[in-house]
Amino acid sequence: MGRYKVRELMKEAKLYSKKPKVRQFNRAIEEQLELLNKLSRNSNPTSPNQVWTSDITYIWAGSRWIYLAIVADLYVRRVVGYSVSDKADSQLVISALDMAWPLRGKPKALMFHSDQGCQYLSAAFRHCLSRYGIVHSVSRRGNCWDNAPTECLFRSLKSKWIPKAGYRSLAKAKSDMFCYLFGYYNQRRPHSFNAGLPPAIAKQPKLVFKNT
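None of the values given here were measured: they were computed from a predicted structure.

Procedures and definitions
- Per chain, residue numbering runs from 1 following the sequence as it is written.
- Local features are withheld for residues below a pLDDT of 70 in this predicted model, meaning they are given only at 70 or higher, and side-chain atom pairs are given and counted only at 80 or more; totals for whole chains, interfaces and linings count all residues.
- The basis for the side-chain values is all heavy atoms of the structure; hydrogens and waters are excluded.
- Two strands are said to pair when DSSP picks up at least two bridges between them.
- Helix numbering and strand numbering both begin at the N terminus, where a helix is a DSSP run of H or I of at least 4 residues and a strand a DSSP run of E of at least 2.
- Note on method: axes are straight lines fitted to C-alpha atoms, helices fitted across the in-contact stretch only, with angles between N-to-C directions ranging 0 to 180 degrees.
- Contacts are assigned to residue pairs that have any heavy atoms within 4.5 Å of one another.
- A patch consists of residues whose relative accessible area exceeds 30% and which take part in no salt bridge; residues with like charges are grouped when within 9 Å of each other, and nonpolar side chains (Val, Leu, Ile, Met, Phe, Trp, Tyr) when within 5 Å.
- Only the protein chains shown count as cover for residues, and all accessible areas are computed by the Shrake-Rupley method using a 1.4 Å probe.
- In the sections that follow, a salt bridge refers to a side-chain nitrogen of Lys or Arg positioned within 4 Å of a carboxyl oxygen of Asp or Glu.
- Only protein chains enter the accessibility calculation, which uses a 1.4 Å probe; a residue whose area is less than 20% of its type maximum is buried, one above 50% is exposed, and one in between is partly exposed.
- For the purposes of this section, nonpolar cores are sets of buried Ala, Val, Leu, Ile, Met, Phe, Trp, Tyr and Cys residues that join through side-chain atoms within 4.5 Å.

(A) Up close: the sheet that holds strand E3 (residues 78–85). Read from one edge of the open sheet, five strands run E3-E2-E1-E4-E5, paired in mixed fashion. The sheet terminates laterally at E3 and strand E5 (135–138), the two strands that pair on one side only. Adjacent strand axes in the sheet meet at a mean angle of 25° when their direction is disregarded. One ladder, built from seven bridges, connects strand E2 (residues 64–73) with E3; its direction is antiparallel. Bridge pairing in E3 links Tyr 67 to Ser 85. Where helix H2 (residues 90–103) meets the sheet, it contacts strand E1 (51–61), E2, E3 and strand E4 (111–114), and its direction lies at approximately 145° from that of E3. The strands touched by helix H6 (residues 170–188) within the sheet are E1, E2 and E3, with E3 carrying the most contacts at an inclination of about 175°.

(B) Main features of a nonpolar patch on the surface. There is a patch of nonpolar side chains on the surface, built from Met 1, Val 6 and Leu 9 and spanning about 300 Å² of accessible area. Residue placement: Val 6 occurs in helix H1 (residues 3–12).

(C) Local environment of the pattern of salt bridges. In total, this model carries three salt bridges according to the counting rule given. Note that Asp 86 is salt-bridged to Arg 64, the shortest N-O span being 3.3 Å. Of this pair, Asp 86 sits in the loop between E3 and H2 while Arg 64 sits in strand E2, and the two are 22 residues apart along the sequence. Since its relative accessible area comes to 41%, Arg 64 is described here as partly exposed. Two residues, Asp 86 and Lys 87, come together in a salt bridge whose shortest N-O distance is 3.7 Å. Classification of Lys 87 as partly exposed rests on a relative accessible area of 48%. Shared partners join several salt bridges into a network, and the residues in it are Arg 64, Asp 86 and Lys 87.

(D) How the structure looks around the nonpolar core. If you look at the biggest cluster of nonpolar residues, it comprises 21 residues, and the most contacted ones within it are Leu 68, Ile 70, Tyr 82, Met 177 and Leu 181. The leading source of residues in this core is H6, at six residues. Each residue touching Met 177, except ones within four places of it in the same chain, is listed here: Ile 59, Leu 68, Tyr 82, Val 84, Leu 157, Trp 161, Ile 162, Tyr 167 and Phe 182. Residues Phe 125, Cys 128, Leu 129 and Ile 134 belong to the second largest nonpolar core, which totals 19 residues.

(E) View of the environment of Glu 151. Counting through the fold element by element, Glu 151 comes out in helix H5 (residues 148–160). Among the residues examined, Glu 151 registers a relative accessible area of 22% and is labelled partly exposed. Considered as a pair, Glu 151 and Ile 56 are 95 residues apart in the sequence and their alpha carbons are 9.3 Å apart.

So yeah, pure geometry; function would need other evidence.
This is the structure in structure tokens:
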């Protein structure tokens with residue numbers, strides 16, 4: 001079906017496409033020389049638990065901004081951990097990693113890629129990576145393309161799932177993020193990288209949830 005036919009059908013059904021606004025990224029001059037971009041845009045690992053990526057975004061809930069951090073396995077672009085909080089601090093990203101680590105069977109020889117946000121460069125988070133034996137890779141300053149898969153996930157989340165007016169409360173946002181990330185995104189949403197298959201159907205180990 002061509003795009004002109006799609007346009008006619010959408011017009012008859014009174015459907016309108018929602019286009020996200022183009023975001024302008026600032027490019028910083030100074031680099032974090034202590035940490036290197038070890039991933040170097042190699043976003044096609046050959047097996048699960050080789051490379052995880054992470055990022056933070058903001059969501060409107062009630063009368064304030066709240067923050068979402070996710071951890072995704074690049075192998076089939078599957079979300080393996082997340083955290084929602086009203087504070088964009090190091091504990092936000094630590095909680096997301098602490099969720100992913102046991103769910104994936106405490107993998108070895110793992111690389112964790114993030115941007116150079118203060119949360120990821122904090123002593124507390126880097127100590128967490130060291131404790132798990134994870135190698136840290138960081139994007140270049142102000143270069144969103146170094147972490148493009150995670151940026152695409154957030155774009156889909158905000159344009160197709162989150163209500164236009166945001167959420168009524170932090171609790172509602174937390175519940176809905178679980179429904180999207182571990183329900184719709186992992187289990188049902190077709191992904192072009194997986195030849196149209198959702199991440200959970202593409203070949204990879206299963207997540208193991210334990211009662212606590």
